[in-house]
Amino acid sequence: MIPYGKHSIDQQDILAVVDVLENQFLTQGKQVPAFEEALCQYTGAQYALAVNSATSALHVACLALDVKAGDIVWTTPITFVATANCIRFCGADVDFVDINPRSRNLCPTALAQKLEIAQAEKRLPKAIIAVHFAGYSCEMQQIYTLCQQHGVKVIEDACHALGGDYQGKKIGNCRYSDFTVFSFHPVKSITTAEGGALLSNQQRLIERATLFAKHGVTREQAQMQDVVEGPWCYQQVELGFNYRMSDLQAALGITQLAKLDAFIARRRTLADNYFNHLENLPLQLPDKKQLAESAWHLYAVELKGQNRLQVYQLLQHAGVHANVHYSPVHLQPYYQKLGFNKGDFPAAEHYAEHTLTIPLFQSMTDEQQLHVVQALEQALEQALRDCTK
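Residues numbered from 1 in each chain as written. Predicted model: local features only at pLDDT ≥ 70, side-chain atom pairs only at ≥ 80, totals over all residues. Heavy atoms only, no water.

(A) Inspection of the state of the cysteines at higher detail. One pass over the structure, following the stated rule, counts zero disulfides. Counting only cysteine sulfurs, Cys 138 is the nearest neighbor of Cys 147, a cysteine outside any disulfide, at a range of 11 Å. By relative accessible area, Cys 147 is classed as buried at 0%. With no disulfide partner, Cys 159 has as its closest neighbouring cysteine sulfur the one in Cys 86, 9.7 Å distant. (Disulfide = S-S within 2.5 Å. Buried < 20%, exposed > 50% of the residue type's maximum accessible area, 1.4 Å probe, protein only.)

Set out below in structure tokens:
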């Protein structure tokens, strides 16, 4: 079975982890700070905080921005539920902005219209979480400019996008955001098994996020009350969480990051191959202008009237594991209980009803990709014959 996504681990990665196991601290050693510094060097951001998952990173980002009960935060319906859940963790309300059908990202035009209405109703959001779907950056300059005009903070959910580019610079530099979040889940650009990171150019914000990620505990004298007796002293100054990354994970992250550009180059080659092979099939392909900038975490096509379940099952039978990214968050039962309904965000819903993610990962061979193409072509032909009977 050819999976839709897959990690790539080599002997260098294994030896780095073994070295930590045999010779170093497993937690709170030197590897996590080294990984954080490497992320800053790669992206151009000034500060980085490595944590145990991207969900944790999103949560502490919201906490650092003082998101709380009575606030509202907006995001996109086309994302994994964690993006919206982190807002609810803080007790705040969630709302969504519809997508641009071509980029599949949060639509700046829809955002501008929604901000005008919210301003008139005196219900502006505390923050926006813009998701770089499939590895392609949102129009961050437009989004950031709109948000600045209304005093709205910006978080980039770049869980799909490490290694991608925007305006000639690496995604994650935080030029147009207060925070950027990355994921190191095994199907992402690089992996630390599980893990995430939060990047920022604002020292105060990263210090706040760090407190929340580490029990709310500090050893920094400037953050503590009263005179401390000795270097062993610490104080809890916030109600925090245990979201730390282990040194095992960070050691893997460091060696993986060194291979990231090669991984992204291969993903872009595979995406280009798909464009060339699939352009004459009855499909809506991603926007090809994304080719040289996206990190190509996913390659999602849209069917044109074919029975999606049948196409999916035919691919499975041919040894190709497809997937769907995503079912719209606002239509999940939990969010429907909060008042969202079908029809609220039509562009997102139309995309979600027709999309299918086909395999793309950096170790994918040309032979595997050709098999996927042939299996998809045959599945589409069969589905078309069956629907015209």
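So, next bit.
(B) Representation of the sheet that holds strand 2 (residues 72-75) within the structure. Taken together, seven strands build an open sheet; the order of strands is 1-9-8-5-4-2-3 and the sheet is mixed. Two strands close off the open sheet at either side, each with one partner strand: strand 1 (47-51) and strand 3 (93-96). Going across the sheet, the axis of each strand differs from the next one's by a mean of 20°, ignoring polarity. Bridge analysis of strand 8 (residues 179-183) against strand 9 (residues 196-200) gives four bridges, and the strand direction is antiparallel. The residue bridging Val 181 from the neighbouring strand is Leu 198, located in strand 9. Docked against the sheet, helix 3 (residues 54-64) engages strand 1, strand 4 (127-131), strand 5 (153-157), strand 8 and strand 9, running at close to 165° with respect to strand 8. Helix-sheet contacts for helix 4 (residues 82-89) involve strand 2, strand 3, strand 4 and strand 5, and the interaxial angle to strand 3 is about 150°. (Pairing = 2+ DSSP bridges. Helix = DSSP H or I, 4+ residues; strand = E, 2+ residues; numbered from the N terminus. Axes fitted to C-alpha atoms, helices over the stretch in contact; angles between N-to-C directions. Contact = heavy atoms within 4.5 Å.)

(C) A look at unusual backbone geometry. In this structure, the amide linkage connecting His 325 to the following residue, Tyr 326, adopts the cis form with an omega of 5°. Counting through the fold element by element, Tyr 326 comes out in the loop between helix 10 (308-317) and helix 11 (333-336). In the Ramachandran plot, Ala 134 falls in the positive-phi region, its phi being about 65° despite a non-glycine side chain. For Ala 134, the position within the fold is in the loop between strand 4 and helix 6 (140-149). The phi angle at Ala 193 is positive, at roughly 80°, despite the residue not being glycine. Looking at Ala 193, the relative accessible area reads 44%, which means it is partly exposed.

(D) Examining the side chain of Asp 13 more closely. Tracing the backbone shows Asp 13 in helix 1 (residues 11-23). A polar atom in the side chain of Asp 13 sits 3.0 Å from the backbone nitrogen of Asp 10. In this structure the side chain of Asp 13 is engaged in a polar contact, spanning 3.1 Å, whose partner is the side chain of Gln 256. Those residues in contact with Asp 13 that lie beyond four places of it in its chain are Ser 8, Leu 252, Thr 255, Gln 256 and Lys 259. (Polar contact = N/O pair within 3.5 Å; in protein donor to acceptor, adjacent residues only side chain to side chain.)

(E) Inspection of the pattern of salt bridges at higher detail. Within this structure, the stated rule accounts for 16 salt bridges. For Lys 259, the salt bridge identified is with Asp 10, shortest N-O distance 3.5 Å. One end of the pair, Lys 259, is in the loop between helix 8 (247-257) and helix 9 (260-278); the other, Asp 10, is in the segment before helix 1, and 249 residues separate them in sequence. Residue Lys 259 is classed as buried on the basis of its relative accessible area of 14%. (Salt bridge = Lys/Arg side-chain N within 4 Å of Asp/Glu carboxyl O.)

(F) Focus on the packing of helix 1 against helix 8. Their axes nearest at 8 Å, the elements helix 1 and helix 8 cross at an angle of 150°. As far as their axial angle goes, helix 8 and helix 1 are roughly antiparallel. Between helix 1 and helix 8 lies a crossing of right-handed hand. Residues Gln 12, Asp 13, Ala 16, Val 17, Val 20 and Leu 21 of helix 1 form the contact with helix 8, whose participating residues are Asp 247, Leu 248, Ala 251, Leu 252, Thr 255 and Gln 256. In terms of residue class, the contact of helix 1 with helix 8 is built from seven nonpolar, three polar and two charged. (Parallel < 35°, antiparallel > 145°, perpendicular 65-115°, else oblique. Left-handed = near helix turned anticlockwise from the far one by under 90°. Nonpolar A, V, L, I, M, F, W, Y, C, P; charged D, E, K, R; others polar.)

(G) Geometry of the sheet that holds strand 14 (residues 355-358). The antiparallel open sheet is built from three strands, whose spatial order is 12-13-14. The strands lining the two open edges of the sheet, one partner per strand, are strand 12 (283-284) and strand 14. Here helix 10 sits on the sheet and contacts strand 13 (299-303) and strand 14; the angle it forms with strand 14, its principal contact strand, is near 15°.

(H) Structural detail: the environment of Met 140. Within the secondary structure, Met 140 is located in helix 6. Classification of Met 140 as buried rests on a relative accessible area of 1%. With 84 residues separating them in the primary sequence, Met 140 and Ser 56 have C-alpha atoms 23 Å apart. Other than its neighbours up to four places away in sequence, Met 140 contacts Ala 130, His 132, Val 154, Glu 156, Tyr 166 and Tyr 176.

(I) The packing of aromatic side chains, seen in detail. Scanning all chains against the criterion turns up 15 aromatic pairs. Grouping aromatic residues by their ring pairs yields a cluster made of Phe 96, Tyr 334, Tyr 335, Phe 340 and Phe 345. In this arrangement the basic side chain of Lys 114 is found over the ring face of Trp 74, its NZ or CZ atom lying 5.4 Å from the centre. (Phe/Tyr/Trp six-rings, centres within 6.5 Å; stacked < 30°, edge-to-face > 60°. Lys NZ or Arg CZ within 6 Å of the ring centre and 35° of its normal.)

(J) Quick look at the environment of Asn 242. Along the polypeptide, Asn 242 turns up in the loop between strand 11 (235-236) and helix 8. Since its relative accessible area comes to 43%, Asn 242 is described here as partly exposed. Once residues lying within four places of it in the same chain are set aside, the contact partners of Asn 242 are Asn 52, Ala 213 and His 215. Of note is the side chain of Asn 242, whose polar atom sits 3.4 Å from the side chain of Arg 244.

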